[in-house]
Structures are given as structure tokens and as C-alpha cells.
Amino acid sequence: MNRSLRAARVATFVYFVLDGTLMGMWLVQIPAIEQHVGISNSTLGSLLVLLGLGAFIGMQVAGRLADRVGTRVVVPAAGVLCGAALVLPALARDPWELAGALLVFGFGNGCLDVSMNTHAVHVEKAYNRPVMSAFHATFSVGGVIAALIGARATSAGLSSATTLGIAGAVGVVIALLPARSLLATTPAAPTTTAPTTTASEPPTTGQLPADQGGKRRTPPTRIWILAALALMCMLCEGVANDWSTLDLKTVLGASASTATFAYGTFAVTMTIGRLLADRVSRQLGSAAVLRYGAAMGAVGITVVALSPWIWMALAGWALFGLGLSGCVPQLFSAAGHTDPAAAGTNVSRVAGLGYLGMLAGPAVIGWMTRLVALNHTFLFPALLLVIAAATAGILRSGTGREPESESEPELAQRA
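Quantities reported herein were computed from a predicted structural model and do not represent experimental measurements.

**With respect to the packing of helix H13 (residues 327-338) against helix H14 (residues 343-368)**
Their axes nearest at 7 Å, the elements H13 and H14 cross at an angle of 150°. Of the two possible hands of crossing, H13 and H14 adopt the one that is right-handed. Seen from H13, the contacting residues are Leu-331, Phe-332, Ala-335 and Gly-336; seen from H14, they are Ala-343, Asn-346, Val-347, Val-350 and Ala-351. Looking at the contact of H13 with H14, its residues break down into 7 nonpolar, 2 polar and no charged.

**A word on the confidence of the model for the protein chain**
With 87% of its residues at a pLDDT of 70 or more, the protein chain has an overall mean of 82. For the stretch residues 189-219, pLDDT sits under 50, and the model shows 61 contacts to residues farther than four places along the chain or on other chains. Predicted confidence is poor over residues 399-415, with pLDDT under 50, and the contacts of this stretch with residues over four places away or in other chains come to 40 contacts.

**Section: the packing of aromatic side chains**
Summed over the entire model, instances satisfying the criterion amount to 6 aromatic pairs. Taking 5.5 Å as the distance between ring centres and 20° as the angle between the ring planes, the aromatic pair formed by Phe-16 and Phe-135 counts as stacked. Taken as a pair, Phe-16 in helix H1 (residues 3-28) and Phe-135 in helix H7 (residues 132-155) lie far apart in primary sequence, 119 residues in all. In this structure, Phe-16 and Phe-135 share a single accessibility class: buried.

**Re the pattern of salt bridges**
Taken as a whole, this structure holds 2 salt bridges when the rule is applied. Among the salt bridges present, the one from Glu-97 reaches Arg-93, with a minimum N-O distance of 2.8 Å. Residue class for Glu-97 comes out partly exposed when judged on its relative accessible area of 29%. Arg-274 is the salt-bridge partner of Glu-237, the closest N and O atoms lying 3.4 Å from each other. With Glu-237 in helix H9 (residues 220-251) and Arg-274 in helix H10 (residues 256-284), the pair connects residues that are 37 residues apart, well separated along the chain.

**Some details on a nonpolar patch on the surface**
Taken together, the side chains of Leu-53, Ile-57, Val-61, Leu-65, Val-69, Val-73 and Leu-103 present a nonpolar region at the surface, about 530 Å² in accessible area. The element that contributes the greatest number of residues to the nonpolar patch is helix H3 (residues 41-69), accounting for 5 residues.

**Some words on helix H6 (residues 95-127)**
With 33 residues, H6 ought to run about 48 Å at 1.5 Å a step, and its terminal C-alpha atoms sit 47 Å apart, in line with that. The buried fraction of H6 is high, at 26 of 33 residues. Put simply, Asp-94 is the residue that caps the front of H6, since its side-chain oxygen is 3.0 Å from the backbone nitrogen of Trp-96. Two residues or fewer past H6, Asn-128 is found with a positive phi of approximately 60°.

**Some remarks on the side chain of Ser-281**
Its place among the elements puts Ser-281 in helix H10. Judged by its relative accessible area of 1%, Ser-281 falls in the buried class. In this structure the side chain of Ser-281 is engaged in a polar contact, spanning 3.4 Å, whose partner is the side chain of Gln-330.

So, how was this worked out
- Residues numbered from 1 in each chain as written.
- Predicted model: local features only at pLDDT ≥ 70, side-chain atom pairs only at ≥ 80, totals over all residues.
- Heavy atoms only, no water.
- Axes fitted to C-alpha atoms, helices over the stretch in contact; angles between N-to-C directions.
- Helix = DSSP H or I, 4+ residues; strand = E, 2+ residues; numbered from the N terminus.
- Left-handed = near helix turned anticlockwise from the far one by under 90°.
- Contact = heavy atoms within 4.5 Å.
- Nonpolar A, V, L, I, M, F, W, Y, C, P; charged D, E, K, R; others polar.
- pLDDT = per-residue confidence, 0-100.
- Phe/Tyr/Trp six-rings, centres within 6.5 Å; stacked < 30°, edge-to-face > 60°.
- Buried < 20%, exposed > 50% of the residue type's maximum accessible area, 1.4 Å probe, protein only.
- Salt bridge = Lys/Arg side-chain N within 4 Å of Asp/Glu carboxyl O.
- Patch = residues over 30% accessible without salt bridge, like charges linked within 9 Å, V, L, I, M, F, W, Y side chains within 5 Å.
- Areas by Shrake-Rupley, 256 points an atom, 1.4 Å probe, with all protein chains shown as cover.
- Expected span 1.5 Å × (residues − 1).
- Polar contact = N/O pair within 3.5 Å; in protein donor to acceptor, adjacent residues only side chain to side chain.

Take a look at the structure:
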């Protein structure tokens, strides 16, 4: 394994941690900014839609730019934009200014999200083995870093503007430092067939090889199926993010402190699962990770829906997080590998629709609570995961990344 490729992998980890930290810094400052601007919870909820809209637009723009000029340019530029925009919500003085700030910050976050995932696809292609899930695990690490920094800043009496201003400035510097280590990917010609790289034919350089051929024949139907699956899986993540704590508190009568363990167990098992998912994918294939992971997640959320005991519900949330952990990284990876010439565009489609699912999930559950009890609404995400498990075979076609038998010395040499 050459040194430049290792450096590119480390740089990708840095950008995932950076994105998780910047987004986490905004999240922990939401109550203070809401109070500073003087808006209600309902108004804030409406304004957060603009954050999602900005992110969605940024994903589409960055995906196409990554294909045209290369991720080595787009990733650090997106990191700088996201870091610089972080302070804007804290400087807002009224709802209109906050709306504009969230739109810009969301745009920068969407650009960074898609461009770094596209670069992760190129790194994975060069390694010729699954490495995507570990990148997503470090995004969660960024959230933990943000929580610690936010708690420290609050105890020190720092204002939101000061906290986010310093964090954003540091983020801009960090976004520029590893830029030279990114792979110098160049736009490739559209593929005439699906990529056929195998374990016996690893790329010899850090650059994305240009494919020969003319007219692109990759059917867009496959990408939209992957995007639909991402929507289902990320909708389930959104449900856990917004409703897990409330479920324990209102349905099972847990105390406020105990209820927080619902999301905590989900987040911990998801992070652990993502650290392990690459090894599982290498041995069993990405389709198996999605199939059995989605099935495990369906079992976990069904346990939550039917559990009469707090400890049983916590076990269900833990199983839900573990099952979901490897699903989305496999979908992003498959989208990027489908056509190297359009990796950024395809990742932006899958990530964009998935992001909309994450935003829509809490709202869908909220609407369903008008008809049934909160815990029973969780049978809906369980159904979505059953569908995802049943259609996981889509990952076996067109990725060229199913595992082949390797000797232990080869695996050790690649580690």
C-alpha cells in the first residue's frame, strides 16, 4: 500500500470528523440561538426546513462539480464554506436573517457531505476493499467532539457567536490542511458497462482511472432504487434521532435521565457497527450487510414497538442501531462505484433523497401518532426495513466489489 493512498484515507477521515463536528456544534447551540432570536419552537421547526433545503441543493451542486473538476478541489472548498457559514446563525437578529443563515450553512454542509463521500468512494476503489463504513463512524465521533466542546463553552459562559465563530475558524483551517493529501482524481469518460475491477486487479495509482468507451449505458433505474433504499434507511435513523427518548418517557414512563439512554444506546451501537461493517462486507459482501442489517434493524424496532419494559426497549434500540449501522454506507458506496465518471452525481442523488428521508421521518411519525400510539408507529420503519432487506440484492449488480477469497497474509498486508 503506497504512502499517498494511506495519506488520502487519513485525510478523508479528517473531513468526516470535521463535518460531524461542525454539524454537532450547530445542534448543541440551537436552544441558545432560538432564545437569542426570540422565536417559538414551531417557527424554529419551519426554519429548519430551510437547512434541509440548502443541504439538498448543496448536495446536487457538489456532486456535479466533483465529477467535473475533481474531489481534490471540491472537498476542501466545501469544508471552508461550511466552516465559514457556521457562525451565521449565531449572528442572526431576526427570523429572516436566521432563515438566510440556515440556508447558507445547509448548502455548505450538503456540499461537504457529498464531496467527501464521493472522495471516500475513490479511496475505496483504490484500496479495492470496503472502507466506507469506517468513514461514517468517524462522522459520529465528530458529534461527540462537538458535544464536549459545546458543554465546555457553555460552562465557561461563552456566547453562541463566540463559540461558533471560533469553531468555524478552526474548521476552515482544518479543511485546508489535509487538502494536498486527497487523491488527484480526474474526470473519467462514461462507462459503457458496469465497472469490473476485481481483487486481482487493484489500481496502481491514487488516481481514478479513466474508463474507455463512449455512450453511458448504466441504467438510471438502479441509482433511483439505491436512492429509495437510502430514503428508507435514513428515515429510520431520523425516527431514532427524534423519537427514541420521547418513546421511553411517554410510553414506558421512564424518568428524563433514563429516557436519554434510548438514543444513547442507539448511537453507540451504530458507531460500533460502522467500525465493524467494513470487515463484514469484505467477507460476506455489501448485499449481505444490507440484507441482514436491515432485518436486524426491523427486529430491533419491532421489539421497541411491542416492549412493555424499559430494559427491553433499550435492547431494541441497541439492536436497531447495530442493524442500521452498515446500511447507508453500502448504498453510498454502491452509487459511487456504479459509474466512476458520474460518482459524484450518483452519490448526490442517493444522499439527497436519503437526507430528505431523514428529515421526513420524524414528521411522518408525528402525523401517525394522531391515529395510533407512538410506539405502534414504529412498525412503519420496521416495514421499510423489511422491504430494504428483500431488495438488498441490487447491491450485487454493477459494483464490482463483492468479496473474493483472500489469504490471511494478503489481508494482513492490506490492513
